Amino acid sequence: MAAIDLNADLGESFGGWRLGDDDTMLEIVTSANVACGFHAGDPLTLERTCALAASRGVRIGAQVSYRDLAGFGRRFLDCSEAELRADVLYQLGALQAMCVAAGTSLAYLKPHGALYNTVVRHEVHARAVVSAVISFDPGLPILGLPGGVLLEQAHAAGLRTVTEAFVDRGYTPEGTLVPRGQPGDLIDDPDVAAARVIRLVSDKVVTAVDGTEVPMSAESLCTHGDSPGAVAMARHVRRALETAGVEVRAFT
């Protein structure tokens, strides 16, 4: 039987501002990419999210980002390698503290937003992330876009790499994500999303926005927790995978 991990971005509320339905999403996903306070997530939110994930047996990943609360981490920051490395280390330490308090530990790292897209091609920023992980815990896997510089550098450094595909994001012919705000950036039809992920798991291919067939292999699928209809989308996709005989479980 085929198997796939299902992850979502969670812990992104801040103070009195609420984003997403983390409680319900944690009943559906097998891995949680938890914000670390640099793009979203105040300490109380992060503590609660980690505790809830741990109680439900959901793996916790550190979703590190540029220092960009105002822009939700979706803006590129031209910081030095040393600065970004320190920022990533800081975020890993913060979330690990919340995991320890919840009786668990970090299971992986995944970049967020602009950092995620940047390290697909940006060698210096990718190197900063890899260096931070090596210093923090060389056994910590890195989750990211297949074929990108980040995973190439991580693999070369001896780190575990985990490839990811997106349930609700459009792809370019090059296999990268369509930038937010451009036509085809988001998929909001659960039936379309479900059909696409079934094909991805079975045939290892995804259709780009221009109709190009892009080869793609992934160990984990991301469904965004902050998208409109996120819970319905995640439920529908998980149900479709299980109906197709695909086991939904955390990557090993």
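Below is a summary of the structure that appears in this document.

Digging into the pairing of strand β4 (residues 108–111)
1) Next: Side chains of β4 alternate between two faces, with Tyr 108 and Lys 110 and Leu 109 and Pro 111 buried alike.
2) Next: Pairing between strand β3 (residues 59–64) and β4: four bridges, direction parallel. Its bridge partner lying in β4, Val 64 is registered against Pro 111.

Examining helix α7 (residues 190–203)
1) Next: The terminal C-alpha atoms of α7, which comprises 14 residues, lie 19 Å apart, in line with the 20 Å expected from a rise of 1.5 Å per residue.
2) Next: Those residues of α7 lying buried are Ala 193, Ala 194, Arg 196, Val 197, Leu 200 and Val 201. Buried residues in α7, looked at end-on, bunch into an arc of 165 degrees, giving them a common side.
3) Next: The inward-facing, buried residues of α7 abut β1 (3–10), β6 (161–166), β7 (205–207), β9 (220–222) and α8 (230–243).

Topic: the pattern of salt bridges
1) Next: Applying the stated criterion to the full structure yields eleven salt bridges.
2) Next: Residue Asp 9 pairs with Lys 110 through a salt bridge whose shortest N-O separation is 3.7 Å. Linking Asp 9 in strand β1 with Lys 110 in strand β4, this pair joins segments that are 101 residues apart in sequence. Each of the two residues, Asp 9 as well as Lys 110, counts as buried.
3) Next: The salt bridge partner of Glu 81 is Arg 127, with a shortest N-O separation of 3.0 Å. Here Glu 81 is found in helix α3 (residues 81–101), whereas its partner Arg 127 is found in helix α5 (residues 123–136), with 46 residues between them in sequence.
4) Next: Relative accessible area serves as the criterion here: at 37%, Arg 127 is assigned to the partly exposed category.
5) Next: Shared partners join several salt bridges into a network, and the residues in it are Asp 9, Lys 110 and Glu 164.

What counts, and where the lines are drawn
- Residues numbered from 1 in each chain as written.
- Predicted model: local features only at pLDDT ≥ 70, side-chain atom pairs only at ≥ 80, totals over all residues.
- Heavy atoms only, no water.
- Buried < 20%, exposed > 50% of the residue type's maximum accessible area, 1.4 Å probe, protein only.
- Helix = DSSP H or I, 4+ residues; strand = E, 2+ residues; numbered from the N terminus.
- Pairing = 2+ DSSP bridges.
- Expected span 1.5 Å × (residues − 1).
- Arc of directions from axis to C-beta.
- Contact = heavy atoms within 4.5 Å.
- Salt bridge = Lys/Arg side-chain N within 4 Å of Asp/Glu carboxyl O.

Purely geometric numbers; function is a separate question.
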